[in-house]
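Commentary on secondary and tertiary structure
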Amino acid sequence: MATVLLRLMGPMQSWGTTSRFDERDTGKEPSKSGVLGLVAAALGIDRENWRDLEPLCRLRMGVRHDRPGVPKRDYQTAQRVISADGSKIHDTAVTTRHYLADAAFLVGLCGEDRALLERIHGALSDPVWPLALGRKSYVPSEPIWMPDAVVDADLRDALAQWPAIASPRPGSPRTPRILSLESPDRSGLMKMDQPLSSFAERRFGPRFVISEVLDVPLQTAA
């Protein structure tokens, strides 16, 4: 069993799973579908290529909250043309977009195929396509790739033992570090972000996540 670790840090992140029409949501931590989309971009896997996406979907995922994001939202407008009775009516659409500001997450992907994890690690250092934190315009502020970030450990141990990737915000109280781990026995909170098809078909099913608080404060990496 091995785990590859990813550093997700940026001024803005968005990990929506229930967005509809003009309302774009975000969860409090990276979604599995979003992280696998990021990994697929690094590897150069087309969104319609389920054969190469399917092995990624079998990996278990965990998230450590090193600096929880501050929930924010903004509004965007776009002009659209509506045809009615042969005439054109110009209308302004207003969309609400939710995101996390100044968040830092350590994400782990765990499986028995170490060669696959090594491929992911190498692709993150030299991605085929640009990498983003949930939306194309939300670029990372630190490299997602980290040295020696494929470790021979299960998901929990890998995430719990890795040095902190971010310090608390200045002046803010120290908050507990939360671990969210994908459950192998379907216990815990259900999330509907497990890909069941290519990203072009957009079919998702349930996975189950358990959370815990780390007892020992982590040392920030030098």
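Above this text is the structure in question.
Here goes a summary of the coordinates provided. (Residues numbered from 1 in each chain as written. Predicted model: local features only at pLDDT ≥ 70, side-chain atom pairs only at ≥ 80, totals over all residues. Heavy atoms only, no water.)

The biggest cluster of nonpolar side chains holds 38 residues, and the ones touching the most others in it are L6, L8, L56, L109 and I120. The leading source of residues in this core is helix α1 (residues 32-43), at eight residues. Dropping the residues within four chain positions of it, L56 is found in contact with L36, V39, A40, L43, I45, L116 and I120. (Core = buried A, V, L, I, M, F, W, Y, C linked by side-chain atoms within 4.5 Å. Buried < 20%, exposed > 50% of the residue type's maximum accessible area, 1.4 Å probe, protein only. Helix = DSSP H or I, 4+ residues; strand = E, 2+ residues; numbered from the N terminus. Contact = heavy atoms within 4.5 Å.)

Moving on, we come to the pattern of salt bridges. Under the criterion given, the structure shown has 13 salt bridges. With a closest N to O distance of 2.4 Å, D152 and R114 form a salt bridge. Here the residue D152 occupies a position in the loop between β6 (150-151) and α4 (155-161), and R114 occupies one in helix α3 (residues 114-125), the gap between them amounting to 38 residues. You can call R114 partly exposed: its relative accessible area is 30%. Several salt bridges converge on common partners, so that one network encompasses K32, E182, D193 and R207. (Salt bridge = Lys/Arg side-chain N within 4 Å of Asp/Glu carboxyl O.)

Counting buried positions along strand β3 (residues 60-67) yields seven of eight residues, so the element is predominantly enclosed. One ladder, built from four bridges, connects β3 with strand β7 (residues 178-182); its direction is antiparallel. Bridging across to β7, R64 finds its partner in L179. (Pairing = 2+ DSSP bridges.)

Right, let's get into the packing of α1 against α3. Running from N to C, α1 and α3 point in directions that differ by 75°, and their axes come no closer than 8 Å. Relative to α3, the element α1 lies roughly perpendicular. Touching L38, V39, A42 and L43 of α1 are R119, I120, A123 and L124, all from α3. Its residues assigned to classes, the contact of α1 with α3 comprises seven nonpolar, no polar and one charged. (Axes fitted to C-alpha atoms, helices over the stretch in contact; angles between N-to-C directions. Parallel < 35°, antiparallel > 145°, perpendicular 65-115°, else oblique. Nonpolar A, V, L, I, M, F, W, Y, C, P; charged D, E, K, R; others polar.)

Let's shift gears to empty space enclosed by the protein. Following the criterion strictly, the structure yields one cavity of 30 Å³ or more and no others. Of the volumes computed, that of the largest cavity is approximately 30 Å³. Contributing to the lining of the largest cavity are E29, M61, G62, V63, S180, L181, E182, R207 and V209. Among the elements of the structure, β3, β7 and β9 (204-213) are those that each provide at least two residues to the lining of the largest cavity. (1 Å grid on protein atoms, 1.4 Å probe; cavity = no way out; pocket = protein on both sides within 12 Å on 5 of 7 lines; lining within 4 Å. Points joined across faces, edges and corners; volume = space filled by probe spheres on them.)

Turning our attention to unusual backbone geometry. With phi around 55°, D102 is a residue other than glycine that occupies positive phi space. Residue placement: D102 occurs in strand β5 (residues 87-111). Phi at R202 is positive, roughly 60°, even though this residue is not glycine. Here R202 shows up in the loop between β8 (189-195) and β9. A relative accessible area of 58% places R202 in the exposed class.

Note on placement: P71 falls in strand β4 (residues 70-84). Taking the C-alpha atoms as reference, P71 lies 6.0 Å from Y99; in sequence the two are 28 residues apart. Other than its neighbours up to four places away in sequence, P71 contacts Y99 and L100.

This part takes up α1. In this model α1 runs 16 Å from its N-terminal to its C-terminal C-alpha over twelve residues, within 8% of the 16 Å that 1.5 Å per residue would give. Positive backbone phi, at 80°, marks G44, one or two positions downstream of α1. (Expected span 1.5 Å × (residues − 1).)

This part takes up the pairing of strand β1 (residues 2-13). Here β1 lies mainly inside the structure; ten of its twelve residues are buried. Relative to β6, β1 runs antiparallel, the two being bridged by two bridges. In the strand pairing of β6, T3 is matched with V151.

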